[in-house]
Amino acid sequence: MTQDLNTGPARKVLLHRSAAADLLIIGARRTHGHFGLQLGRVGYTLLHYADCPVAIEP
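Below you will find a few notes about this structure. (Residues numbered from 1 in each chain as written. Predicted model: local features only at pLDDT ≥ 70, side-chain atom pairs only at ≥ 80, totals over all residues. Heavy atoms only, no water.)

### As for a nonpolar patch on the surface
A surface patch of nonpolar side chains, amounting to about 290 Å² of accessible area, comprises Leu39, Tyr44 and Leu47. Take Tyr44: it is sitting in helix 2 (residues 41-49). By relative accessible area, Tyr44 is classed as partly exposed at 47%. (Patch = residues over 30% accessible without salt bridge, like charges linked within 9 Å, V, L, I, M, F, W, Y side chains within 5 Å. Areas by Shrake-Rupley, 256 points an atom, 1.4 Å probe, with all protein chains shown as cover. Salt bridge = Lys/Arg side-chain N within 4 Å of Asp/Glu carboxyl O. Helix = DSSP H or I, 4+ residues; strand = E, 2+ residues; numbered from the N terminus. Buried < 20%, exposed > 50% of the residue type's maximum accessible area, 1.4 Å probe, protein only.)

Here it is, written out as structure tokens:
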């Protein structure tokens, strides 16, 4: 596990970092009044375009 500080939009930074990652773990978006999990912009982008597997933690 490593820790880095990056600046910029989360989607772009995480997509760039996914090229060197073995796995990305991100949190699910929770909205009051809805059941289940919802994908936000970051989760949707990473699931479709990341270069490594993506796990979404509820």
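On we go.
### Concerning the nonpolar core
Counting residues in hydrophobic clusters, the biggest one holds 5 residues: Leu24, Ile26, Leu46, Cys52 and Val54. Ignoring anything within four residues of it in the chain, the contact list for Val54 reads Leu23, Leu24, Ile26, Leu46 and Leu47. (Core = buried A, V, L, I, M, F, W, Y, C linked by side-chain atoms within 4.5 Å. Contact = heavy atoms within 4.5 Å.)

### Considerations on the layout of surface pockets
If you roll a probe as big as a water molecule over the atoms, it shows you where there is empty space left. What the largest pocket holds in volume is close to 480 Å³. If you trace the largest pocket, you find 13 residues lining it, with Thr2, Arg17, Ala21, Leu23 and Leu24 closest to the centre. Where the lining of the largest pocket is concerned, the elements lending two or more residues are helix 1 (10-18) and strand 1 (24-27). (1 Å grid on protein atoms, 1.4 Å probe; cavity = no way out; pocket = protein on both sides within 12 Å on 5 of 7 lines; lining within 4 Å. Points joined across faces, edges and corners; volume = space filled by probe spheres on them.)

### Some words on the pattern of salt bridges
Any two side chains of opposite charge can pair, on the condition that their charged atoms come close. Going through the model one piece at a time under the given rule, you end up with 1 salt bridge. With a closest N to O distance of 2.4 Å, Asp4 and Arg17 form a salt bridge. Highlighted residues: Asp4 in the segment before helix 1 and Arg17 in helix 1, separated in sequence by 13 residues.

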